[in-house]
Amino acid sequence: MSVMLNRILRPALKQAQLLSAVKNKQPLWRHETLVSASSACDATIRSLEDCLEVNYGGAPMRFNYVWLRDHCRSDASYNSSTNQRNLDTASIDLSIRPDNTTVQDGHLVLIWPGGHVSKYSLSWLAENSYEKNKQSTIQPRILWNSDTYKKANIPSAKWESFMSCDDEVKNFLQNYLLYGIAFVDDVPATVEATEAVTQRVSLIRETTYGRMWCFTSDFSRGDSAYSQLGLDRHTDTSYFQEPCGIQVFHCLKHEGTGGRTLLVDGFYAAEKVRQQSPENFELLAKVPIRHEYIEKSENHHNHMTGIGPVLNVYPWNDEMYLIRYNNYDRSVINTSAPRPCSTMVRGTSRADK
Ligand SMILES: C[N+](C)(C)CCCC[C@H](N)C(=O)O
Ligand SMILES: O=C(O)CCC(=O)C(=O)O
């Protein structure tokens, strides 16, 4: 019994495109003015050619002028009850610069040509600076292998309290987010109980398998998952354009021998590749790979393909956030020129070890 959940727990990309507009190049414009120094908040500001440099606590932060105008939180520019932008970004003059820049009571205050005033708290700027974000992780993880996971001795949640107590769900989610796996014990072996426990975590995503499915080794669908063949490490639904982020498995009935579940921390394996062979890591993170699922059984006619790199990495902080690794479902590699392709095959075999 398994279900797939929407990846709503994974935080979304945060304003990446806008932040990447902040450039680190040396200013050509040399009239650097010390605009304000306030002993209360200890911030100094320098106006550079296309950005303001703000020194507040840690390392200097740079904010592009267009970014500053675009991120104005005044009522005219931003609706703080819906957290949505009112301003039409396309209307901003790309050569915009403030006429006046001051620091007052822990806030940066800019007056733009035409008189519009923007005010940003220094702590908000620090929190949202590119400098801070490139040093932070979106999702902190504890990487594990069989030994370290066993030693960590992570407690399982218990069905009764999981269904009635939010703190139990919270602990479960904390473990899930840190390790990528988590367990609930004592769930009654029924589809209904499995659905109920799943819905404590999230909405259930509709897929070609349905929302919930029961499967056994009857080859009812054209895939090795429905056979008695052992399945080595892989991620499922690599052929979806957005692979499922959480899968829930519940063994309802077991007869005979075998059928053990193998769980592998792909992030741990990929970090080893990053350390031991940065060029292979780079290839796995750059070369798009096609995966596919073709089934033509009596009741199911599907052909799905999804394309993306094996390792998906946020470019601003090098953090991995998604792995598409399924050697069974990997399609023909025809998305890269011959040389990277042969290195790619070497890269994946290194990742195997
Ligand atoms: C049975 N269940 C629906 C869980 C998985 C079926 C998916 C099989 C496919 N090869 C994949 O890896 O995505
Ligand atoms: O049953 C399991 O332990 C894993 C099943 C699986 O990996 C799959 O169906 O793709």
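Above this text you will find the structure in question.
Residues numbered from 1 in each chain as written. Chains lettered and ligands numbered in written order. Predicted model: local features only at pLDDT ≥ 70, side-chain atom pairs only at ≥ 80, totals over all residues. Heavy atoms only, no water.

A. Focus on the nonpolar core. In terms of nonpolar packing, the biggest core is built from 21 residues, with Leu 68, Leu 108, Tyr 120 and Leu 125 touching the most fellow members. Looking at this core, the elements with two or more residues in it are strand 3 (43-47), strand 4 (51-56), strand 5 (61-64), helix 2 (65-70), strand 9 (107-111) and helix 3 (122-127). In terms of residues, this core owes the most to one element, helix 2, which gives four residues. Other than its neighbours up to four places away in sequence, Leu 108 contacts Ile 45, Leu 52, Leu 68, Thr 101, Thr 102, Val 103, Ser 118, Lys 119, Tyr 120, Leu 122 and Leu 125. Counting residues in hydrophobic clusters, the runner-up holds 14 residues, among them Val 273, Leu 283, Leu 284 and Val 310. (Core = buried A, V, L, I, M, F, W, Y, C linked by side-chain atoms within 4.5 Å. Buried < 20%, exposed > 50% of the residue type's maximum accessible area, 1.4 Å probe, protein only. Helix = DSSP H or I, 4+ residues; strand = E, 2+ residues; numbered from the N terminus. Contact = heavy atoms within 4.5 Å.)

B. Summary view of the pattern of salt bridges. Counting across every chain of the model gives 12 salt bridges. Salt-bridge contacts for Asp 70 lead to Arg 85; the nearest nitrogen and oxygen are separated by 3.2 Å. In this pair, Asp 70 sits in helix 2 while Arg 85 sits in strand 7 (residues 84-85), placing the two residues 15 residues apart along the sequence. Residue Glu 127 is joined to Lys 132 by a salt bridge in which the shortest nitrogen-to-oxygen separation is 3.0 Å. Taken together, the shared-partner salt bridges in this structure form one network comprising Arg 46, Glu 53 and Arg 62. (Salt bridge = Lys/Arg side-chain N within 4 Å of Asp/Glu carboxyl O.)

C. Region of interest: the site of ligand 2. With respect to spatial proximity, the complete set of residues near ligand 2 consists of Phe 215, Ala 225, His 234, Asp 236, Phe 249 and Thr 261. In the model, an oxygen atom of ligand 2 is placed 3.0 Å from a nitrogen or oxygen of the His 234 side chain. Interatomic distance of 2.9 Å between a side-chain N/O atom of Asp 236 and an oxygen atom of ligand 2. In terms of residue class, the shell around ligand 2 is built from three nonpolar, two polar and one charged. (Near = heavy atom within 4 Å. Polar contact = N/O pair within 3.5 Å; in protein donor to acceptor, adjacent residues only side chain to side chain. Nonpolar A, V, L, I, M, F, W, Y, C, P; charged D, E, K, R; others polar.)

D. Quick look at the packing of aromatic side chains. Tallied over the entire structure, the rule returns 12 aromatic pairs. With 6.0 Å between their ring centres and 35° between their planes, Trp 67 and Trp 124 make a pair best called tilted. Residue Trp 67 is found in helix 2, and its partner Trp 124 is found in helix 3; the two are separated by 57 residues along the sequence. Assessed through its relative accessible area of 3%, Trp 67 is described here as buried. The structure contains a cluster of three or more aromatic residues connected by ring pairs, namely Tyr 209, Trp 213, Tyr 239, Phe 240 and Tyr 293. Here the basic side chain of Arg 141 rests over the ring of Phe 267, its NZ or CZ set 3.9 Å away from the ring centre. (Phe/Tyr/Trp six-rings, centres within 6.5 Å; stacked < 30°, edge-to-face > 60°. Lys NZ or Arg CZ within 6 Å of the ring centre and 35° of its normal.)

Interpretation note: all reported values are geometric properties and have no functional meaning in isolation.
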